[in-house]
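Residue-level structure breakdown
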Amino acid sequence: MQRKSNQIFLPMHTVRPKKFLGQHFLTDLNVARRIADTIDTAADLPVLEVGPGMGVMTQFLMQKSRELKVVELDFESVEYLRRTWPQMEDNIIEDDFLKMHLDRTFGGRQFVLTGNYPYNISSQIFFKMLDNKDLIPCCTGMIQKEVADRICASPGSKAYGILSVLIQAWYTPEYLFTVEPHVFNPPPKVRSAVIRLTRNATLSLGCDEALFRRVVKTTFNQRRKMLRVNLRPLLAELGLLSDGHLPTALTEAFDLTLRPEQLSLAQFVELTERIYALLNV
């Protein structure tokens, strides 16, 4: 059945949720509306929705008079969307979001990223967002609560980790609200959360950004160990160990008895700068 863009409804029949795609279809219209409304802080920008499924959230986005595109990998969902909203035909992208060239999506223009993200690739979605941070000034959507907690965590907390540091380097995160499992089909075994990430004013970290990522990821691989232990693999790879010993210039300049969860963003930048300086001696 074809629907008009101003009609709000729950699907009468459903696309079969596919476990291998991490699909949990939202069945609560109120929650769908609230998620769609999270994009309102980024007025006038076009919107890309990831994983629309049967369009429960898409129908609210369509009412916002924005240029809207949706990207969906599941062929069954794509067929449902085309059949239900033929007016969206030219804006339904059947593709893997993680493989898309986002600079081509809206002709190189900035856009808002949103969606009920597949839980099995949510971290990868955020890493792709970071790779395209100049195109995406705002990202909103629903993810596992545990992942949302990590993104919003502060130094010293148990949730603080790779996503916390890398995302907060470029975005200001907001934890907006929690969503319970019963509003999904099938219900996930975890609680969910809706967040908003807004691009901050940072233009440069003041250090080598590729090395910064490596430092953050390496140190959190063994988050309970001191930096002097978990930095060894990276320093060895960079050729900075001398007879198995850490560089004196690094141990004297930075407290390597700290654990990664104790470091602020500024301290990670400083640590990266120290290591980079050793590469250029």
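Relevant structure appears above.
Residues numbered from 1 in each chain as written. Predicted model: local features only at pLDDT ≥ 70, side-chain atom pairs only at ≥ 80, totals over all residues. Heavy atoms only, no water.

Observations concerning the pattern of salt bridges
Per the counting criterion, the structure on display carries 16 salt bridges. Across the pair Asp-134 and Arg-199 runs a salt bridge whose closest N-O atoms are separated by 3.7 Å. A residue pair is termed long-range when its members are at least 10 positions apart, and Asp-134 in the loop between α4 (122-131) and β6 (138-144) and Arg-199 in strand β9 (residues 192-199) qualify at 65 residues. For Asp-134, a relative accessible area of 57% corresponds to the exposed category. Classification of Arg-199 as buried rests on a relative accessible area of 18%. A salt bridge links Arg-196 to Glu-174; the shortest N-O distance between them is 3.0 Å. Placement of Arg-196 in strand β9 and of Glu-174 in strand β7 (residues 171-179) is noted, with a sequence separation of 22 residues between them. Given the relative accessible area of 32%, Glu-174 is considered partly exposed. Residues joined by salt bridges that share partners form a network here, namely Asp-37, Asp-40 and Lys-64. (Salt bridge = Lys/Arg side-chain N within 4 Å of Asp/Glu carboxyl O. Helix = DSSP H or I, 4+ residues; strand = E, 2+ residues; numbered from the N terminus. Buried < 20%, exposed > 50% of the residue type's maximum accessible area, 1.4 Å probe, protein only.)

A few points about helix α7 (residues 209-220)
Here α7 contains 12 residues, and its C-alpha end-to-end distance of 17 Å stays within 8% of the 16 Å for a straight helix at 1.5 Å per residue. Along α7, the residues classified as buried are Leu-211, Phe-212, Val-215, Val-216, Thr-218, Thr-219 and Phe-220. The elements touched by buried residues of α7 are α6 (162-168), α8 (227-230), α9 (232-237) and α11 (265-279). The distance from a side-chain oxygen at the start of α7 to the backbone nitrogen of Ala-210 is 3.3 Å, and the residue carrying that oxygen is Asp-208. (Expected span 1.5 Å × (residues − 1). Contact = heavy atoms within 4.5 Å. Polar contact = N/O pair within 3.5 Å; in protein donor to acceptor, adjacent residues only side chain to side chain.)

Describing the packing of aromatic side chains
Evaluated as defined, the whole model comprises 4 aromatic pairs. Aromatic side chains Phe-106 and Phe-111 sit 5.4 Å apart centroid to centroid with 45 degrees between the ring planes, which places their arrangement in the tilted category. The same class applies to Phe-106 as to Phe-111, namely buried. A ring pair is formed by Tyr-160 and Phe-220, whose centres lie 6.1 Å apart and whose planes are at 75 degrees; its orientation type is edge-to-face. Taken together, the residues Tyr-160 in the loop between α5 (145-152) and α6 and Phe-220 in helix α7 connect sequence positions 60 residues apart. (Phe/Tyr/Trp six-rings, centres within 6.5 Å; stacked < 30°, edge-to-face > 60°.)

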